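Examination of the molecular architecture
Here is how the chains run, residue by residue.
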Amino acid sequence: MYELGDYGDYITAWCPGCGNHNILKAVKDALFKLQLPPHRALFVSGIGQAAKAPHYINANVFNGLHGRSLPVATGARISNPELTVIVESGDGCHYGEGGNHFLAAIRRNVDITIIVHDNQVYGLTKGQASPTSSEGFITKTQPQGTHNARFNPVQVAVAMKAGFVARGFSGRVEHLSGLIQQGIKHRGLALIDVLQPCVSFNKVNTYGWYNQRCYILSEGYDPTDRNQAMLVSEEWGDRIPLGVIYKNDRPAFEDHFPVMKLGPAAMRPARLDTLKEIMESFS
Amino acid sequence: MEKNSLNILIGGEAGQGLVTLSQILTRAIVRAGYHIIVTQSYQSRIRGGHNSYTLRLCPDEIMAPREGLDIVVALNKETVELHSPELKPHGIVVLDEALDIKNADHITVPFNSLTSDKFWNASAVGVVSGILGLDESVVVRTASDFFAKHAPDSTEENIKSLVAGRNWMKGRATGFQKLKQPEPGNGRLMINGNEAIALGALSAGMKAMCFYPMTPATSIAITICEHAEKMGVIAEQAEDEISAINMAIGASFCGSPSLVPTSGGGFSLMAEGLSLAGMTETPVVIALAQRPGPSTGLPTRTEQGDLEFALHAGHGEFPRAVFAPGSVDECFRLTRKAFEIADKFRIPTIIMTDQFLADCYCASDPFTMDELDPINACDPEVSPDEPFLTYRITATGVSPRLFPGLSHECVVAHSAHELVIADSDEHTEKGHLTEDLSVRVRMVDKRNRKNDGLKRHIVDPTFCGNSDPDLLLVCWGSTRGAVHEACDELREMGLRAAYVHLSQVWPIDEDSVAGILRAAKEIVSVESNSTAQFARLLRRETGYRIERNVLRYDGLPMTPEFIIEKIGLGSRNV
């Protein structure tokens, strides 16, 4: 039996009031409720304020390069299909620098849970527009307001038939913890886009802004209905839906490889007898 | 003098069946006991264009391709036009009657009357094997094996066509001097550099291979993909090269020795990942098959232009090892070594070849598969009773290793002490990011200490020839064979010549290399690039300035003839 405290209690480098604090709380709560042993979980992150989160959790950690957390996480699953792999990074990391990996990971449907701290701004580099910034969002590097259309990760994931697509809000910790628990339990890729205020660099999408708009999808909502999910994922502006927006039961990437049923790669000897036969086929 | 060997060129358009003809003929030649060196020249297209496959065969061991042709097998007119000028005296051209080229010296084969259009290349195998005087039963058996695998429904027609070609050739005088019969080959492999790298990686216990296709590295991936399932290996085509190396690092971090095959452009994209492997101290092996750059360059030709890039790629300072095999056999052995060193020191290692060696078939004795020390085995030095330190400061710079989710005994982890933390930021011993600048210095020193250990495992240079030579040829990587044969010829001309070849180009043992250079009267660096990158490396490391270079950068492989001519002794009466 693990206590909540077993998942770590660290002093963070985040601003007071930052949405990251509540996301961290929700992640630990989810691990605790699932009673996931810390040494059986691997957190992979990139670079950014959000990517520091794994340092504040007791678990295995690989804090790699900006945008490249998903390939590392995929590699981890290839090696050890018994590890619970959770990817945590920001919107810039996943949807900007790592955009190609985001699309590829959805297509692969690797059994990982992606938690995106989506604050619609670059925090670590002090306030440039991110892929999810709204059009017209003014920053020091976009003084006329960003001209780029807002990237809608949830709708892209639904369009690509990702295995599990959800949206949470850092202001609703218990709801978010529930989404994370479902995401971890889902066999295949789970995307949880988490709306999160940046109190230092995003003066538009504040707690008040989100609180006014976010609503939790009703219990009658059917996340397996993709047409409806496309409509719901389109919704943004006056009303923003939270919850599991779409899911399906596509086989996970790992299910295609018989060898993965044999456990972690490090525990399997090299098959030199087979290799000798292969070598003989060259003669 | 050149050994008693033959050069056969098979030329035509892509899609004409050149591969089938070449593969069967080459394998039959190897099975007959000959040694071979194959060079492939192809254009970056699937259909059309001019492609050629040049096979040098010899009853004795050979190491390099040669210029000049003895037999041209022309699948189209262009081959006749392009390659007839390369024919040696008494050289012959074999072509299809339908090509309508009138020349009494050519062997014009009426393929249409021997076989149907579909099977003409099997007939051509029969004709050429007849000219060479290969044992018919070996040729038929080789062709049967090939077709059973690639076209089982038409094996019978193919063999019939082959025999028809062979019979047509019987009794025809060609004036062609056949090679002497070789000693039996005893199970030699017909294998190229890329395939040898694939087998080397599998034999080293590689469990993950991540790649993005790029000529001329792709056939490493193809070979591994073909055997992945039965070898229990995961081979994954990544969305790009950045993903490939990061995926390999993730796989290695969790316990799979990992390989990333690529070429220059892809390797450029991997530079940040290479640096990540250095910082997180994650072993990864990169197979870098070079082609001429910059940028897209000549995608299907050969060059050794990426040496300095491989030595320096990736920002920041971190230890690495770079290997450059000089033969197909070394491709196998040094790939194993690259895995061993990467694992032992927890660093990235690079194995550098080029299009020539990647595609170069040779007749190789079977590789020894004696088991290496188990790679990536869990580390008994890790104590389960105290918190694990991923980057524990040690005298060697190498820290005990644990894989996430596993214990030191390589069973599933059972204690929360067994947490592995790795960070691309500068980090504490535990693995958490830090800005404590005294920790920074200790970590830099720790990583750099691996260089001392690396230096104790350097592959010795190959030295061949007079020990205090008048002329010393210096080379690295794939040019070894050409330099070896050139050196033999120089000695036959009466010159006190020798060569030194480095199959590990980083780190190098500067004292022993300087000793070799010091003993020579004159030194010439032989490289397939335009700026003598290796000579510059040796100057930096040993202080010796090599004044003369033989540099080839027209995209073609180095040959003994090219070296002799550039050295300027070709016509000198020594």
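What you see is a predicted model, and the numbers here were worked out from it, not measured in a lab. (Residues numbered from 1 in each chain as written. Chains lettered and ligands numbered in written order. Predicted model: local features only at pLDDT ≥ 70, side-chain atom pairs only at ≥ 80, totals over all residues. Heavy atoms only, no water.)

Brief notes about the overall build of chain A
Assigned secondary structure in chain A consists of 9 helices and 10 strands. In terms of overall size, chain A behaves like a compact globule, its C-alpha atoms giving a radius of gyration of 20 Å where 283 residues would be expected to give roughly 19 Å. In chain A, buried positions account for 61% of the 283 residues. Here the contacts in chain A between residues at least 6 apart in sequence split such that 70% fall between residues at least 24 apart. Summed over all atoms, the accessible surface of chain A reaches about 10800 Å², with 52% contributed by carbon and sulfur. When the 27 basic and 25 acidic side-chain charges of chain A are each reduced to a single mean position, those positions are 4 Å apart. (Helix = DSSP H or I, 4+ residues; strand = E, 2+ residues; numbered from the N terminus. Rg over C-alpha atoms; globule rule 2.2 N^0.38 Å. Buried < 20%, exposed > 50% of the residue type's maximum accessible area, 1.4 Å probe, protein only. Contact = heavy atoms within 4.5 Å. Areas by Shrake-Rupley, 256 points an atom, 1.4 Å probe, with all protein chains shown as cover. Lys, Arg positive; Asp, Glu negative; His and termini not counted. Charge placed at Lys NZ, Arg CZ, Asp CG, Glu CD.)

Describing the overall build of chain B
Of regular secondary structure, chain B possesses 19 helices and 21 strands. Its C-alpha atoms give chain B a radius of gyration of 26 Å, within 12% of the compact-globule value 25 Å for 574 residues. Its C-alpha atoms give chain B principal-axis dimensions of about 85 × 60 × 40 Å. Across the 574 residues that make up chain B, the buried fraction comes to 63%. Accessible surface for chain B amounts to roughly 21500 Å². Of this, 48% is attributable to carbon and sulfur atoms.

Notes on the sheet that holds strand β1 (residues 41-45) of chain A
Pairing between the strands of a sheet comes from backbone hydrogen bonds, and it takes one of two forms, parallel or antiparallel. With respect to topology, 9 strands assemble into an open sheet ordered β9(A)-β10(A)-β7(A)-β8(A)-β4(A)-β3(A)-β1(A)-β2(A)-β15(B), the strand pairing being mixed. At either margin of the open sheet sits one strand with a lone partner, and together these are β9 (214-216) of chain A together with β15 (421-423) of chain B. Here the strands of the sheet are splayed against their neighbours by 20° on average, with no regard to which way each runs. In terms of strand pairing, β9(A) meets strand β10 (residues 240-247) of chain A through 3 bridges, oriented parallel. Paired with A:Tyr215 across the two strands is A:Pro241, which belongs to β10(A). Seen against the sheet, helix α6 (residues 173-185) of chain A touches β3 (84-90), β4 (112-118), β7 (164-169), β8 (190-195), β9 and β10 of chain A and runs at an angle of roughly 160° to β7(A). (Pairing = 2+ DSSP bridges. Axes fitted to C-alpha atoms, helices over the stretch in contact; angles between N-to-C directions.)

Focus on the packing of aromatic side chains
Per the stated rule, a full pass over the model turns up 15 aromatic pairs over all chains. Each ring, one from A:Tyr2 and one from A:Tyr7, has its centre 6.2 Å from the other, and the planes form 50°; the classification is tilted. Judged on exposure class, the residue A:Tyr2 and its partner A:Tyr7 are both buried. Judged by centre distance (4.1 Å) and plane angle (5°), the rings of B:Phe332 and B:Phe367 are stacked. (Phe/Tyr/Trp six-rings, centres within 6.5 Å; stacked < 30°, edge-to-face > 60°.)

What about the pattern of salt bridges?
In total, this model carries 38 salt bridges over all chains according to the counting rule given. Note that B:Arg66 is salt-bridged to B:Glu485, the shortest N-O span being 3.0 Å. Highlighted residues: B:Arg66 in the loop between β3 (48-58) and β4 (69-74) and B:Glu485 in helix α16 (residues 480-492), separated in sequence by 419 residues. The burial state of B:Arg66 is the same as that of B:Glu485; both residues are buried. With a closest N to O distance of 2.6 Å, B:Arg66 and B:Glu489 form a salt bridge. On the criterion of sequence distance, the pair formed by B:Arg66 in the loop between β3 and β4 and B:Glu489 in helix α16 is long-range, its members being 423 residues apart. The class of B:Arg66 is buried, set by a relative accessible area of 10%. Here B:Glu489 falls in the buried class, since its relative accessible area comes to 17%. What you see here is one network of salt bridges that share partners, running through A:Arg77, A:Asp111, A:Arg187, A:Glu254 and A:Asp255. (Salt bridge = Lys/Arg side-chain N within 4 Å of Asp/Glu carboxyl O.)

Focus: the domain arrangement of chain B
Domains assigned within chain B are domain 1 (6-187), domain 2 (191-364), domain 3 (378-457) and domain 4 (462-567). One C-alpha centre belongs to domain 1 of chain B, the other to domain 3 of chain B; they are set 57 Å apart. (Domains from an automatic or database assignment.)

Things to note about the confidence of the model for chain B
All names here are of chain B. For chain B, the mean per-residue pLDDT works out to 93, and 97% of the residues sit at or above 70. Here residues 570-574 is modelled with pLDDT under 50, and outside its nearest four sequence neighbours on either side it reaches 6 contacts, counting other chains as well. Listed scores for the predicted complex are pTM 0.96 and ipTM 0.98. (pLDDT = per-residue confidence, 0-100.)

Notes on the pairing of β8(A)
All names here are of chain A. The buried fraction of β8 is high, at 6 of 6 residues. Along β8, one buried face is formed by Ala 190, Ile 192 and Val 194 and the opposite face, lined by Leu 191, Asp 193 and Leu 195, is buried too. As paired elements, β4 and β8 share 6 bridges and run parallel to each other. Paired with Ile 114 across the two strands is Leu 191, which belongs to β8. Bridge count between β7 and β8: 6 bridges; the pairing is parallel. Pairing of Gly 168 across the sheet is with Val 194, part of β8.

Some remarks on the environment of B:Val382
All names here are of chain B. The topology assignment puts Val 382 in the loop between β14 (361-364) and β15. By relative accessible area, which is 4% here, Val 382 ends up buried. For the pair Val 382 and Arg 333, spaced 49 residues apart in sequence, the C-alpha to C-alpha distance is 30 Å. Leave out the neighbours within four places in its chain, and Val 382 touches Phe 388, Pro 400, Arg 401, Leu 402 and His 408.

Points about the nonpolar core
Membership of the largest hydrophobic core comes to 95 residues, with the highest contact counts inside it found for A:Ile112, A:Leu191, B:Ile350, B:Leu472, B:Val474 and B:Phe534. The element best represented in this core is helix α9 (residues 241-253) of chain B, accounting for 7 residues. Ignoring anything within four residues of it in the chain, the contact list for B:Leu472 reads B:Phe463, B:Ala498, B:Tyr499, B:Val500, B:Ile516, B:Leu517, B:Ala520, B:Glu522, B:Ile523 and B:Val524. Formed by 53 residues, the second largest nonpolar core is a distinct cluster that contains B:Ala204, B:Met206, B:Phe323 and B:Ala342. (Core = buried A, V, L, I, M, F, W, Y, C linked by side-chain atoms within 4.5 Å.)

Remarks on the interface of chain B and chain A
Taken residue by residue, the interface counts 70 residues in chain B and 53 residues in chain A. Around 5100 Å² of area is buried between chain B and chain A when both sides are counted, 66% of it from carbon and sulfur atoms. Area buried by chain B at its contact with chain A is led by B:Ile234, B:Glu239 and B:Met369, which between them contribute 13% of it. One salt bridge in this structure joins B:Glu239 and A:Arg108, with 2.8 Å as the shortest N-O distance. Applying the counting criterion to the chain B and chain A interface returns 23 residue pairs in polar contact (both at pLDDT 80 or more). Here the side of chain B that touches chain A is built from residues that sort into 32 nonpolar, 23 polar and 15 charged. Examined bridge by bridge, strand β2 (residues 60-63) of chain A and β15(B) share 3 bridges and lie parallel to one another. Its bridge partner being in β15(B), A:Asn63 is matched across the sheet by B:Asp423. (Buried area = accessible area lost by both parts, 1.4 Å probe. Polar contact = N/O pair within 3.5 Å; in protein donor to acceptor, adjacent residues only side chain to side chain. Nonpolar A, V, L, I, M, F, W, Y, C, P; charged D, E, K, R; others polar.)

Topic: the side chain of B:Ser123
All names here are of chain B. Along the chain, the position of Ser 123 falls in helix α4 (residues 120-132). Accessibility expressed as a relative area gives 0% for Ser 123, which makes it buried. Residue contacts for Ser 123: discarding those within four places in its chain leaves Phe 111, Leu 114, Thr 115, Ser 161, Leu 162 and Gly 165.

Some remarks on the packing of α9(B) against helix α11 (residues 271-280) of chain B
All names here are of chain B. With their axes 8 Å apart at the nearest point, α9 and α11 run at an angle of 20° to one another. It follows from the interaxial angle that α9 and α11 lie roughly parallel. Seen from above, α9 lies across α11 with right-handed handedness. Touching Ile 245, Asn 246 and Ile 249 of α9 are Gly 273, Leu 274, Leu 276 and Ala 277, all from α11. Split into classes, the residues belonging to the contact of α9 with α11 amount to 5 nonpolar, 2 polar and no charged. (Parallel < 35°, antiparallel > 145°, perpendicular 65-115°, else oblique. Left-handed = near helix turned anticlockwise from the far one by under 90°.)

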